[in-house]
Amino acid sequence: MTTFAAVQEAHDFLASNPDIELIELFILDANGVPRGKLLHREELLALYETGRPLPSTMLGLTIQGEDVEDSGLVWEVGDIDCRAYPLAGSLVRLPWRQLPTAAVQVSMHPSEGLPATPADPRQLLLRVIEQLAADGYHPVMACELEFYLLDQKRDAQGRPQPALDADGGRPRQTQVYGLRELEQIEPFLRDLYMACKAQGIPARTAISEYAPGQVEITLEHGPALAAMDQAVRYKRLVKGVAHAHGMQACFMAKPFAEIAGTGMHMHVSLADAQGNNLFASIDPAGTPLLRHAVGGMLASLLDSLLLFCPNANSYRRFQANSYAPLAPTWGVDNRTVSLRVPGGPAKTRHVEHRICGADANPYLAAAAILAGIHRGIRERLDPGAPIEGNGYAQATEYLPTQWSAAIQALEQSEWAREAFGAEFLKVYVAVKRAEYRQFMGEVGEQDWRWYLSNA
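Residues numbered from 1 in each chain as written. Predicted model: local features only at pLDDT ≥ 70, side-chain atom pairs only at ≥ 80, totals over all residues. Heavy atoms only, no water.

Observations regarding the confidence of the model for the protein chain
Phase 1: Looking at the protein chain as a whole, the pLDDT averages 90, with 95% of positions reaching at least 70.
Phase 2: By mean pLDDT, the top-scoring element of the protein chain is helix H9 (residues 362-379) (98), and the lowest-scoring one is helix H14 (residues 449-452) (49).
Phase 3: The low-confidence segment residues 450-454, where pLDDT is below 50, has 23 contacts with residues more than four positions distant or belonging to other chains. (pLDDT = per-residue confidence, 0-100. Helix = DSSP H or I, 4+ residues; strand = E, 2+ residues; numbered from the N terminus. Contact = heavy atoms within 4.5 Å.)

So, the pairing of strand S2 (residues 34-40)
Phase 1: Pairing between strand S1 (residues 22-28) and S2: 7 bridges, direction antiparallel. Pairing of Glu24 across the sheet is with Leu38, part of S2.
Phase 2: Between S1 and S2, which follow one another and run antiparallel, lie 5 residues, and Gly32 among them has a positive phi close to 80°. (Pairing = 2+ DSSP bridges.)

Some remarks on the domain arrangement of the protein chain
Frequently, the measure chosen for interface size is the accessible area removed from exposure when the parts meet.
Phase 1: Per the domain assignment, the segments of the protein chain are domain 1 (7-116) and domain 2 (129-440).
Phase 2: Using only C-alpha atoms to locate each centre, domain 1 and domain 2 end up separated by 26 Å.
Phase 3: Contacts between the two partners involve 31 residues from domain 1, matched on the other side by 25 residues from domain 2.
Phase 4: Surface buried jointly by domain 1 and domain 2 totals about 2,000 Å² across both partners, of which 57% is contributed by carbon and sulfur atoms. (Domains from an automatic or database assignment. Buried area = accessible area lost by both parts, 1.4 Å probe.)

Looking at the side chain of Ser56
Phase 1: With respect to the element layout, Ser56 can be found in the loop between strand S3 (52-55) and strand S4 (81-86).
Phase 2: By relative accessible area, Ser56 is classed as buried at 0%.
Phase 3: In contact with Ser56, other than residues within four places in its own chain, are Leu73, Val77, Asp79, Ile80, Cys82 and Ala116. (Buried < 20%, exposed > 50% of the residue type's maximum accessible area, 1.4 Å probe, protein only.)

Brief notes about the packing of helix H8 (residues 301-308) against H9
Phase 1: Contact geometry of H8 with H9 gives a least axis separation of 8 Å together with a crossing angle of 165°. Here H8 lies roughly antiparallel to H9, going by the angle between them. Note that H8 runs across H9; the crossing there is left-handed. Within the contact between the two elements, H8 uses Ser304, Leu307 and Phe308 and H9 uses Leu364, Ala365, Ala368 and Ile369.
Phase 2: Class assignment of the residues belonging to the contact of H8 with H9 gives a composition of 6 nonpolar, 1 polar and no charged. (Axes fitted to C-alpha atoms, helices over the stretch in contact; angles between N-to-C directions. Parallel < 35°, antiparallel > 145°, perpendicular 65-115°, else oblique. Left-handed = near helix turned anticlockwise from the far one by under 90°. Nonpolar A, V, L, I, M, F, W, Y, C, P; charged D, E, K, R; others polar.)

Considerations on the pairing of strand S9 (residues 214-219)
Phase 1: In terms of burial, S9 is a largely internal element, 6 of the 6 residues being buried.
Phase 2: Of the two faces of S9, the one lined by Gln214, Glu216 and Thr218 and the one lined by Val215, Ile217 and Leu219 are each fully buried.
Phase 3: Pairing of strand S7 (residues 138-151) with S9 involves 5 bridges; the strand directions are antiparallel. In the strand pairing of S9, Tyr148 is matched with Gln214.
Phase 4: Pairing of strand S8 (residues 203-208) with S9, which is carried by 4 bridges, proceeds in the antiparallel orientation. Paired with Ile207 across the two strands is Glu216, which belongs to S9.
Phase 5: Linkage of S8 to S9, two consecutive antiparallel strands, is achieved through a turn of 5 residues, within which Gly213 is found at a positive phi near 80°.

Considering the side chain of Arg317
Phase 1: Inspection of the secondary structure assignment puts Arg317 in the loop between H8 and strand S13 (330-332).
Phase 2: In this structure the side chain of Arg317 is engaged in a polar contact, spanning 3.4 Å, whose partner is the backbone oxygen of Cys356. (Polar contact = N/O pair within 3.5 Å; in protein donor to acceptor, adjacent residues only side chain to side chain.)

Notes on the environment of Ile129
Phase 1: Along the polypeptide, Ile129 turns up in helix H3 (residues 121-134).
Phase 2: Measuring from C-alpha to C-alpha, the distance between Ile129 and Pro139 comes to 7.2 Å, with 10 residues separating the pair along the chain.

Overview of helix H5 (residues 186-199)
Phase 1: The terminal C-alpha atoms of H5, which comprises 14 residues, lie 20 Å apart, in line with the 20 Å expected from a rise of 1.5 Å per residue.
Phase 2: All of the buried residues along H5 are Phe188, Leu189, Leu192, Ala195, Cys196 and Gln199. Buried residues in H5, looked at end-on, bunch into an arc of 130°, giving them a common side. Opposite the buried face of H5, by more than 90 degrees, sit the exposed residues Met194, Lys197 and Ala198.
Phase 3: Gly200, located one to two residues past H5, shows a positive phi value of around 75°. (Expected span 1.5 Å × (residues − 1). Arc of directions from axis to C-beta.)

Here it is in structure tokens:
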């Protein structure tokens, strides 16, 4: 069950933050876009006491914020109000805002939020986690999110470009793992880490990634639902801090055709009720349970690909020798495969899922990963031998590179219908089909603008 916040949390926050004037109420839609309202301080207690009505259409919008009539959340239900409640621990300050402002995340109530509740991405992840827990498995996850720091001004051709460094120069070289590159964005990183600390987000290692202006910061592992909550709030925080520094943080999967795409690597393991890692093994390939989990993720990969790669632009990231995956493969300490079992001490054994673009909704991606793991365990699926060496060269089958194929695969999947529910699939597929129809009418120079502001 969702743990909604107690009203005392609001009382305590208001008492310790007497300067706060405004509160951003937000919920994450299917595309991972925060939607909501801006409340005044006097409205906060009522939110905690009785929830807040939000229109049903809010969870059935395209990435451009338009209604999708086929979602079933528009005219046939009269755009009914659905009640959402605040999540415990989500009420935090937004340090980059000029007016003293806080934010609070809400989720649809299981019954009072109908008919929108099944379309709430967080509710879907919660349901998948509860199904695993019923069988004695408690998922542990962590998120690695890559992003570009872009200039808010476009280049002479109107295209995005990397933001200026502190010395006034513009990044032009890859310089992966470059320390100077991190030093050049130190003011941004300083404020980002300070904001993460203030909001309780466990941001850890930062690296200069495989393209000019590309950065990756890892988040600490923890219980799956909490880890994805942190990823969602971290993404908003990165965008806010970047904006305060005159930059735009871009999580688009492939903003530049000629250089590296942007991924969201998901690390996952299963624990028992006492917190012991069930994948732990001195064998680098992990336990039999880990192999079944990998088998399930591979078997369900095509059916759930749309949740990992939700946009047309997502599929441009799949290129050989790019550190982005091409095929349903797995391996041990091998970055040329889709599912990697990293090295390290036995107690840390886990799987790194490398398929998601940074434009994926963390809740939906995690739900698909965990549902695949559960399938593999229940059916005792064997993933076959791990790939050794160059996984690109050894691929015999490939992931689809067409958005339309992924939409069709999810829509027709009986496994997905059982794992995610028919009501969720109806809304999500309707949204993606509406976006696909609109996108096909705007292909060309406008396609990157489609996602840049929201990705």
